[in-house]
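# Geometric and topological summary
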Amino acid sequence: MTLRIESVRALEILDSRGQPTVRVYVVLDNGVVGTASVPSGASTGKREALELRDGDVGRYGGKGVQKAVAHVETIMGPAIRGMDPRGQAEIDQFLIDLDGSPGKGRLGANAILGVSQAVARAAARALDTPLYAYLGGTGANRLPRPMINILNGGLHSDFTLDFQEFMIVPVGADSFREALRYGAETFAALRQLLKARGYATRVGDEGGFAVSFDDNEEACAVIVEAIAAAGYEPGVDIALALDPAASAFCKDGTYHLAHNGHGVSDSRALVALYERWVGKYPILSIEDGLAEDDWQGFQDLTARLGDKVQIVGDDILVTNPELIARAIAEKAGNAALIKPNQIGTVSETIAAIQLCRKAGWAFVVSHRSGDTEDDFIADFAVAMGGGQIKTGSVCRSERVAKYNRLLEIERELGRGAQFGP
Ligand SMILES: C=C(OP(=O)(O)O)C(=O)O
Ligand SMILES: [Mg+2]
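Not measured: the values here are computed from a predicted model. (Residues numbered from 1 in each chain as written. Chains lettered and ligands numbered in written order. Predicted model: local features only at pLDDT ≥ 70, side-chain atom pairs only at ≥ 80, totals over all residues. Heavy atoms only, no water.)

What follows concerns the coordination of the magnesium ion (ligand 2). Donor atoms from the polypeptide that bind the magnesium ion (ligand 2) are D243 (OD), E287 (OE) and D314 (OD), placed at 2.0 to 2.2 Å. All donor residues of the magnesium ion (ligand 2) come from one chain, and their arrangement in sequence is D-x43-E-x26-D. Here D243 is found in strand β7 (residues 239-243), whereas its partner D314 is found in the loop between β12 (310-313) and α9 (321-330), with 71 residues between them in sequence. Here D243 and D314 have matching classes, each one buried. (Donors = N, O, S within 2.8 Å, 3.2 Å for Na, K, Ca; no water. Helix = DSSP H or I, 4+ residues; strand = E, 2+ residues; numbered from the N terminus. Buried < 20%, exposed > 50% of the residue type's maximum accessible area, 1.4 Å probe, protein only.)

Between helix α7 (residues 267-280) and helix α8 (residues 295-305), whose axes approach to 10 Å, the crossing angle comes to 30°. Between α7 and α8, the angle falls in the class roughly parallel. By crossing handedness, the relation of α7 to α8 is classed as right-handed. Here S267, V271, Y274, E275 and V278 of α7 come into contact with α8, specifically with G297, L301, R304 and L305. Residues that form the contact of α7 with α8 fall into these classes: five nonpolar, two polar and two charged. (Axes fitted to C-alpha atoms, helices over the stretch in contact; angles between N-to-C directions. Parallel < 35°, antiparallel > 145°, perpendicular 65-115°, else oblique. Left-handed = near helix turned anticlockwise from the far one by under 90°. Contact = heavy atoms within 4.5 Å. Nonpolar A, V, L, I, M, F, W, Y, C, P; charged D, E, K, R; others polar.)

Moving on to the site of ligand 1. Around ligand 1, the structure places 16 residues, and the nearest of them are A42, H156, R368, S369 and K390. Q164 is positioned with one of its side-chain polar atoms (N or O) 2.9 Å from an oxygen atom of ligand 1. Taking K390, its side chain carries an N or O atom lying 2.6 Å from an oxygen atom of ligand 1. In isolation ligand 1 has 290 Å² of accessible area, and contact with the protein removes 100% of it. For the shell around ligand 1, the residue count by class is two nonpolar, six polar and eight charged. (Near = heavy atom within 4 Å. Polar contact = N/O pair within 3.5 Å; in protein donor to acceptor, adjacent residues only side chain to side chain. Areas by Shrake-Rupley, 256 points an atom, 1.4 Å probe, with all protein chains shown as cover.)

In the UniProt entry, the feature "active site" (unreviewed entry) is given for E206 and K339. Classification of E206 by relative accessible area gives buried; the value is 2%. Of the polar contacts made by the side chain of E206, one reaches the side chain of N149; its length is 2.9 Å. Residue placement: K339 occurs in the loop between β13 (335-338) and α10 (340-343). Discounting residues that sit within four places of it in the chain, K339 has contacts with D314, T319, S366, H367 and R368. (UniProt positions renumbered as here; feature names shortened; annotations may be inferred.)

Next up on the list: the state of the cysteines. Joining two cysteines, a disulfide is a covalent bond between their sulfur atoms. Under the criterion given, the structure shown has zero disulfides. Free cysteine: C220, not disulfide-bonded; nearest cysteine sulfur from C395 at 20 Å. Taking the relative accessible area as the measure of exposure, C220 reaches 0% and is therefore buried. (Disulfide = S-S within 2.5 Å.)

Turning our eyes to something else, we now look at the environment of W361. On the secondary structure map, W361 appears in the loop between α11 (346-359) and β14 (362-366). Among the residues examined, W361 registers a relative accessible area of 9% and is labelled buried. For the pair W361 and A336, spaced 25 residues apart in the sequence, the C-alpha separation amounts to 7.4 Å. With residues up to four places along the chain from it excluded, the contact list for W361 reads L317, A327, I328, A332, G333, N334, A335, A336 and C356.

Written out as structure tokens, the structure reads:
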């Protein structure tokens, strides 16, 4: 069967924060269309691929993406016209070369990723194959274990807490469906608990409750209570995972904690705090426990806790194979967060995961805090062999879209479905 890219269109749409973002449509010569919408972070790593935004504050109150849209339609589209959409690696490399800049800032990583993902979708549709099977083959039958965000802080909720994400991990569940149920029931129990204590139950950017406690640690304590209130055993059925996103409260190598009594701490004190918490609460994963430039801190944390806790690099690694390779060599962590828009193409995202696998590292496929109804990462996680996925709470549709897609995939796989990292 011959398949050719006929045209590529793009559109400025809104993300879940009401900010403009890019949607791409790749049209094939047989009429099949693949679409993709690109997410956008708030607590971004400084070495991420560059999201191209227009200079002025646009009509939605944020900076528009008209330039990125124009680059898709006038530069990238004509350049890949006539190419076979099944040649993902070739097309991605072609787009990287067409941009020619180290951070993809000329054409815009948001524009490039939109095209890259829409090409994959178009090819899968043309072959009448689900995206997970197209990207992962017949062996792609493992559903990822979810890390479900239930309390938001940091840049995702105006620093109601210093730490950005408090997540629950249904370790005792034996299917994705059950895991999601554990998560939804605990979220409901947490809502009741917070209400009973007089807290408002508004939510942050990723749908976790945005509650201000005097001390960050209270978040761990209340989650453990909610797990028990929902009828589960903390640490056995459901564990905790943290993403402090420490770059956001680090200035000049010092960590400034407004919700922690003593206020300011250095890297060693923060590592000691995590050690104390791990001794007290069933925490199995800590992402960005230190700031993106604190390689020594990541090494210390890994040396102290790495044999029992997953130490995930997000801002420090930015899904970049070169930085992941360095962290593997320097033992600065034992897992990578995987965000396709941090690196900018599907092929480079796959390369980052392949590197993790080779080194015995774990990986967590992730949404962004500004996201859309696009559920690409759900299929992508299954294609990559499961691992883990973090895509927010169970109460905002742009997050639930990914969970619901995973439910669909699990049912489609039937008896063949496997679950967990
Ligand atoms: C998802 C995250 O947030 P953002 O998209 O704001 O970087 C994160 O830090 O892991
Ligand atoms: Mg993070």
